[in-house]
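Structural overview
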Amino acid sequence: MGLISEPDAPARNAGLDLGTLTMTLEAIREYVSRALPDDRLLELDHDDICPVDVVRGMCSDELGIQLLFIPEEYGGMGGDTVDVYRVCEQMARLDVGVATSVLATFLGSDPIFVGATPEQRAGWLTEIAERGVLYAYGATEPEAGSDLAALRTTAKPVIEDGHVTGYRLSGRKQWISNGGIADKYTILASAPDGPSWFVLDRGTEGFSQNQPEDKHGIRLSNTAALYLDDAFVPAGNLVGGIEGHGLIQAQKVFGYTRLMVAAFGLGGGWSALDRAITYSATRIQGGAPLSEKQGFTHKLIVPHAVRLEAARAVIEAVAARIDAGEGADGALNAEGAIAKYTATEAGNLAADAAIQAHGGYGYTRPYLVEKIKRDVRITTIYEGTSEIMEMTIARDRWQQHLKSAGCYYPDRAAALRALHVRHPDTGAETAALACEALAGVLEACRIGRLTRNQHVLLRLGELVAAAEAAAWFAERAATASEGNLPEKADHRFDATALAAMSRVFARDAAHKVTCDGLRLVTGAGGQPADALLSLDAVRAAQAGLISDMDHIADILYGRAGAR
Ligand SMILES: Cc1cc2nc3c(=O)[nH]c(=O)nc-3n(C[C@H](O)[C@H](O)[C@H](O)COP(=O)(O)OP(=O)(O)OC[C@H]3O[C@@H](n4cnc5c(N)ncnc54)[C@H](O)[C@@H]3O)c2cc1C
């Protein structure tokens, strides 16, 4: 997305200033609230209609969201990764379906950012900035979803006078966001030298779109299959002008695009949870508001706020690293996967809890939490399923464990213990326990060759995500207590609140990694390593859990004495 540096890539976007970002977030809120008030959202969801006029309005002079993502040299505003995360979260808070439609253009133009020639970039990106051209991203096929290498769509060169003048695309694409409404499509197809991206115009002969899918959620977004039957594209529409770079180009942007979907999970989850908080403050049962029932808040509200904010810590850390130039060539793919996995699973669980928090009302359509739950569900599936995220995370960190001779997580634990010395209230020491236990689990897996069980490998992905999110959360809480959170970061919670949330999350992570790790290693026939046996320390670290949760509940409900 223009932020990934390549030899030919445009300069990394400098980012918006705080004033412009704040104005943009507010303009999005105002525009969508006016165009799509709650009753209209419910109606469109019920009737399964994509509000194309609203999507186009957002991507035109009316709102101009498309400008955010385009570098200034092509007429855009040059938003950085942090801007993009904040905007994606805001859009998803309003409607994950509309967010998907608007953001599909940026997903669709990713292969251009990463792989196009400077001339192609100038042409296609300027067109998005100036005319609000809508894109769709056509990678998935009926037989090629998680495994894109299995793609069957072909690109057959058309040769005239010994030169390739174009390609004829044939095949089928499945589940394509904006499939039925886009102006242009980036299509992944197998050329003689390998998978390659092509830009295809709507209206091309031999190219048609199916009816929209009847989906479980995000019913305000258009999702359709695409049919390609010898559809001709000129040679100049082969992205980058060289065949065979398609899968590499797709890989290069994952750290970034997965962060966008992570932000959708965060926005959807918080949207549902905030509704549950509001509802429970006035819903009287057993003689008092539900918000005063600890059994209610500590199950249905507090843990979800904690998980969502842990996910935010990961997203903000990864976004900052991409903006610092670390994301080139897919270098932060594992981190992007941790962000997506943590945020979308948290968003999904939070939305489910929000239904429960509304009781019978939550189970009915007039209550938006029912819709949000269906909407946010997609975030654990598209742009890489949660299981593919687990695999990506586990494989990367397994390599790190081996390459560092087992020192990767002990080193992180040492850094966290040093952080604990400076900031003893941020949960850093407990996060260190999680990292040490993780090192023990990985080592036991190495000795016992346990990752030959795919189940073990994927569960390791889950444990890695828990331990690393705890580490990032402790670091964010420490930065907040130093008063150093970046100005464009989210500032909903103050340093005290973040520290309490981080402590709760770290306790959970240390407990999970140790207990699930022990079970996994033993279950696969391995021998737990010493570090795994430090259950006593993990147990001791649980002290203070309930009072921290009480404190967080007070903060979320704005009760006196919360600070
Ligand atoms: C509403 C919607 C919008 C979408 N938008 C787009 C879009 O704009 N562009 C686009 O290209 N695609 C899009 N997709 C497709 C989406 O990215 C895929 O659905 C997703 O990647 C999963 O692929 P699949 O559906 O083929 O499932 P599969 O890959 O068949 O997976 C099925 C299940 O098996 C698991 N699984 C798969 N492989 C493995 C493995 N090796 N080991 C263990 N478990 C495995 C998966 O996690 C999943 O649980 C969209 C999908 C939906 C539903």
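Worth saying up front: this structure is predicted, and the values here are computed from it rather than measured.

Right, let's get into the side chain of Glu383. By the secondary structure assignment, Glu383 is in the loop between helix H14 (368-376) and helix H15 (386-403). It is Arg258 that comes nearest to the buried, bridge-free Glu383 among opposite-charge side chains, at 4.9 Å. Side chain to side chain, Glu383 and Thr257 meet in a polar contact 2.6 Å long. Residue contacts for Glu383: discarding those within four places in its chain leaves Leu107, Phe254, Thr257, Arg258, Val261, Lys340 and Met389.

Its 18 residues place the ends of H15 26 Å apart at the C-alpha level, agreeing with the 26 Å of an ideal helix rising 1.5 Å per residue. If you check which residues of H15 are buried, you get Ser386, Met389, Glu390, Met391, Ile393, Ala394, Arg397, Trp398 and His401.

Attention now moves to the pairing of strand E4 (residues 184-191). Taking burial as the measure, the eight residues of E4 include seven buried ones, the bulk of the element. Note: E4 against strand E5 (residues 194-201), eight bridges, orientation antiparallel. Directly across from Ala191, in E5, lies its bridge partner Gly194. Turn length for the E4-E5 hairpin, with the two strands adjacent in sequence and antiparallel, is two residues.

Another point: the pattern of salt bridges. Tallied over the full model, the rule gives 38 salt bridges. In this structure, Glu127 engages Lys184 in a salt bridge whose closest nitrogen and oxygen atoms are separated by 3.7 Å. With a gap of 57 residues between them, Glu127 in helix H8 (residues 118-131) and Lys184 in strand E4 connect regions that are remote in the sequence. Its relative accessible area of 18% is what places Glu127 among the buried residues. The buried category is assigned to Lys184, whose relative accessible area is 10%. Arg397 is the salt-bridge partner of Glu335, the closest N and O atoms lying 2.9 Å from each other. Highlighted residues: Glu335 in helix H12 (residues 333-357) and Arg397 in helix H15, separated in sequence by 62 residues. Glu335 gets classed as buried once you look at its relative accessible area, which sits at 6%. Three or more residues are tied together by salt bridges with common partners; here these are Glu335, Asp396, Arg397, Arg412 and Glu468.

With that settled, the discussion passes to the confidence of the model for the protein. For the protein, per-residue confidence averages 94 on the pLDDT scale, and residues scoring 70 or more make up 96% of the total. Of the regions scoring below 50 in pLDDT, residues 1-11 engages in 42 contacts with residues more than four places distant in sequence or in other chains.

Attention now goes to the packing of helix H16 (residues 408-422) against helix H18 (residues 454-481). Running from amino to carboxyl end, H16 crosses H18 at an angle of 25 degrees, the nearest separation of the two axes being 11 Å. Classified by the angle their axes make, H16 and H18 are roughly parallel. Judged by the sense of rotation from one axis to the other, the crossing of H16 with H18 is left-handed. On the side of H16, the interface is formed by Tyr408, Tyr409, Arg412, Leu416 and Leu419, while H18 contributes Val464, Glu468, Ala471, Trp472, Ala474, Glu475 and Ala478.

In terms of nonpolar packing, the biggest core is built from 167 residues, with Met58, Val102, Leu103, Trp270, Ile301, Leu416 and Leu556 touching the most fellow members. The element best represented in this core is H18, accounting for 18 residues. Excluding its chain neighbours within four sequence positions, the residues that come into contact with Trp270 are Glu89, Arg93, Ile277, Ala305, Leu308, Glu309, Arg312, Arg492, Phe493 and Leu556. Counting 18 residues, the second largest nonpolar core, distinct from the first, contains Ala136, Phe198, Leu200 and Leu238.

Reading the values: the criteria
Residues numbered from 1 in each chain as written. Predicted model: local features only at pLDDT ≥ 70, side-chain atom pairs only at ≥ 80, totals over all residues. Heavy atoms only, no water. Helix = DSSP H or I, 4+ residues; strand = E, 2+ residues; numbered from the N terminus. Buried < 20%, exposed > 50% of the residue type's maximum accessible area, 1.4 Å probe, protein only. Lys, Arg positive; Asp, Glu negative; His and termini not counted. Salt bridge = Lys/Arg side-chain N within 4 Å of Asp/Glu carboxyl O. Polar contact = N/O pair within 3.5 Å; in protein donor to acceptor, adjacent residues only side chain to side chain. Contact = heavy atoms within 4.5 Å. Expected span 1.5 Å × (residues − 1). Pairing = 2+ DSSP bridges. pLDDT = per-residue confidence, 0-100. Axes fitted to C-alpha atoms, helices over the stretch in contact; angles between N-to-C directions. Parallel < 35°, antiparallel > 145°, perpendicular 65-115°, else oblique. Left-handed = near helix turned anticlockwise from the far one by under 90°. Core = buried A, V, L, I, M, F, W, Y, C linked by side-chain atoms within 4.5 Å.

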